[in-house]
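The residues making up each chain are set out below.
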Amino acid sequence: MADLKDLYQQIVLDHNRAPRNFKKIPNASHTAEGTNPLCGDDITLYVTVEGNVIKDVGFQGKGCAISQASASLMTSTVKGKTTEEAESLFRAFHDMVAGGPDAPADDKTLGKLAALAGVKRFPARVKCANLPWHTLHAALTGSDEPASTE
Ligand code: ZN
């Protein structure tokens, strides 16, 4: 049985308690909604892209500690990055949490996102952690379909 302390690291608790970038951006160039029906997580993401740089990003919604902390960590990480960098972070993050219990985490690429590495031992939580990233991907690729983890 994996230790819950691995899942709820201090940085995760902190981002859940005081989410960064929890705001609506009225003139966002890209928006998307994401839902994880399995857990009841629900987020709306607002992204302002200029050229190919993510100038601003915010989210609103409700959900469990993992989805909220993941959205908070994600938004603070991708802000100022190019959309290509954001997409490669999405892949690195996905590989870390969804690659199974022994998946190596690319700490150098992931930085503080690696705080969510413990999720990989809790399959039910993987979708919570991935939801903001799927939603970002949907926003950046301009998909009109709401992002869903199902
Ligand atoms: Zn959740």
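Per chain, the residues get numbers from 1 upward, laid out in the order the sequence is written. Given that this is a predicted model, residues contribute local features only at a pLDDT of at least 70 and side-chain atom pairs are listed and counted only at 80 or more, while totals for whole chains, interfaces and linings are drawn from all residues. Derived side-chain values reflect all non-hydrogen atoms in the structure, with water molecules and hydrogen atoms excluded from consideration.

Before we move on, could you go through the packing of helix 3 (residues 65-78) against helix 6 (residues 123-140) and cite the residues and values that matter?
Think of each axis as a best-fit line through the C-alpha atoms, taken over the contacting stretch in the case of a helix, with angles from 0 to 180 degrees between the N-to-C directions. Secondary structure counts use DSSP, requiring at least four H or I residues in a row for a helix and at least two E residues in a row for a strand, with both numbered from the N terminus. Close contact between helix 3 and helix 6 brings their axes to 8 Å; oriented N to C, the two are set at 35°. When the axes of helix 3 and helix 6 are compared, the crossing they make is right-handed. Contact with helix 3, carried on its side by I66, S67, S70, A71, M74 and V78, involves R125, C128, A129, P132, W133 and L136 of helix 6 and no other residues of that element. Crossing handedness: left-handed means the near helix sits turned counterclockwise from the far one by under a right angle, and right-handed means the same turn made clockwise. Any pair of residues with heavy atoms lying within 4.5 Å of one another is described as a contacting pair.

Tell me about the nonpolar core, and name the residues and values.
Take the buried residues of types Ala, Val, Leu, Ile, Met, Phe, Trp, Tyr and Cys, join any two whose side-chain atoms come within 4.5 Å, and each joined set is a nonpolar core. With a 1.4 Å probe rolled over the protein chains alone, any residue whose accessible area is under 20% of its type maximum counts as buried; one over 50% counts as exposed, and the rest are partly exposed. Among the nonpolar cores identified, the biggest contains 40 residues, and V47, I66, V78, F93, W133 and L136 are the most heavily contacted of them. When contributions to this core are tallied by element, the ones reaching two or more residues are strand 2 (41-50), strand 3 (53-62), helix 3, helix 4 (83-98) and helix 6. No other element matches helix 6, which puts eight residues into this core. When near neighbours in sequence (up to four residues on either side) are disregarded, V47 contacts A28, S29, H30, I54, D56, V57, L136, A139 and L140.

Could you give an account of the coordination of the zinc ion, naming the residues involved and the relevant values?
Each metal site lists N, O and S donors within 2.8 Å (3.2 Å for Na, K and Ca). With water left out of the atoms, a site can look as if it is missing ligands. Within the protein, the atoms that donate to the zinc ion are C39 (SG), D41 (OD), D41 (OD), C64 (SG) and C128 (SG), at distances of 2.2 to 2.6 Å. D41 sits in the buried class, given a relative accessible area of 2%.

Residues and numbers for the pattern of salt bridges, please.
Pairs can form between side chains of opposite charge whenever their charged atoms are close. For this analysis, a salt bridge means a side-chain nitrogen from Lys or Arg found within 4 Å of a carboxyl oxygen belonging to Asp or Glu. Per the counting criterion, the structure on display carries four salt bridges. Measuring nitrogen to oxygen at the nearest pair gives 2.7 Å for the salt bridge that ties D6 to R121. Of this pair, D6 sits in helix 1 (residues 4-7) while R121 is found in the loop between helix 5 (107-110) and helix 6, placing the two residues 115 residues apart along the sequence. Note on D6: relative accessible area 30%, which makes it partly exposed. In this structure, the salt-bridge partner of D56 is K23, at a minimum N-O distance of 3.0 Å. Of this pair, D56 sits in strand 3 while K23 is found in the loop between helix 2 (10-17) and strand 1 (30-36), placing the two residues 33 residues apart along the sequence. Counted as one network, the salt bridges with shared partners bring together K23, D56 and K79.

Summarise helix 4; cite the residues concerned and give the values.
It helps to recall that an α-helix has 3.6 residues per turn; residues three or four apart then point in one direction. With 16 residues, helix 4 extends 22 Å from end C-alpha to end C-alpha; this agrees with the ideal 22 Å at 1.5 Å per step. Inspection of helix 4 places T83, A86, E87, L89, F90, A92, F93, M96 and V97 among the buried residues, and these make up the whole buried set. Summarising the contacts, the buried residues of helix 4 are in contact with strand 2, strand 3, helix 3, helix 5 and helix 6. Where helix 4 terminates, the next one or two residues include G100, which has phi positive at roughly 95°. The length a helix should cover is 1.5 Å for every residue beyond the first.

Outline the sheet that holds strand 1, supporting the account with residue identities and numerical values.
Criterion used throughout: strands pair if DSSP finds at least two bridges between them. Sheet architecture is open: four strands sit in the order 3-2-1-4, paired in mixed fashion. At either margin of the open sheet sits one strand with a lone partner, and together these are strand 3 and strand 4 (147-148).

Could you give an account of the side chain of S72, naming the residues involved and the relevant values?
If you trace the backbone, S72 turns up in helix 3. Taking the relative accessible area as the measure of exposure, S72 reaches 0% and is therefore buried. A polar contact is formed between the side chain of S72 and the side chain of H15, at a distance of 2.6 Å. The residues contacting S72, other than those within four sequence positions of it, are H15, P19, R20, N21 and F59. Polar contacts here mean pairs of N or O atoms no more than 3.5 Å apart (in protein, one a potential hydrogen donor and the other a potential acceptor; neighbouring residues in sequence count only if both atoms are side-chain atoms).

Can you break down the packing of helix 4 against helix 6 residue by residue, with the values?
Following both chains from N to C, one finds helix 4 and helix 6 inclined at 160°, their axes separated by 10 Å at the closest point. For the element pair helix 4 / helix 6, the angle class is roughly antiparallel. The interaxial crossing formed by helix 4 with helix 6 has left-handed handedness. Each of T83, A86, E87, L89, F90, F93, H94, V97 and A98 in helix 4 lies in contact with helix 6, whose residues at this interface are V126, A129, N130, W133, H134, L136, H137 and L140. Residue polarity follows a fixed list, in which Ala, Val, Leu, Ile, Met, Phe, Trp, Tyr, Cys and Pro are nonpolar, Asp, Glu, Lys and Arg are charged, and the others, Gly among them, are polar. A per-class count over the contact of helix 4 with helix 6 returns eleven nonpolar, five polar and one charged. In these notes the angle categories are as follows: under 35 degrees is roughly parallel, over 145 is roughly antiparallel, 65 to 115 is roughly perpendicular, and the rest is oblique.

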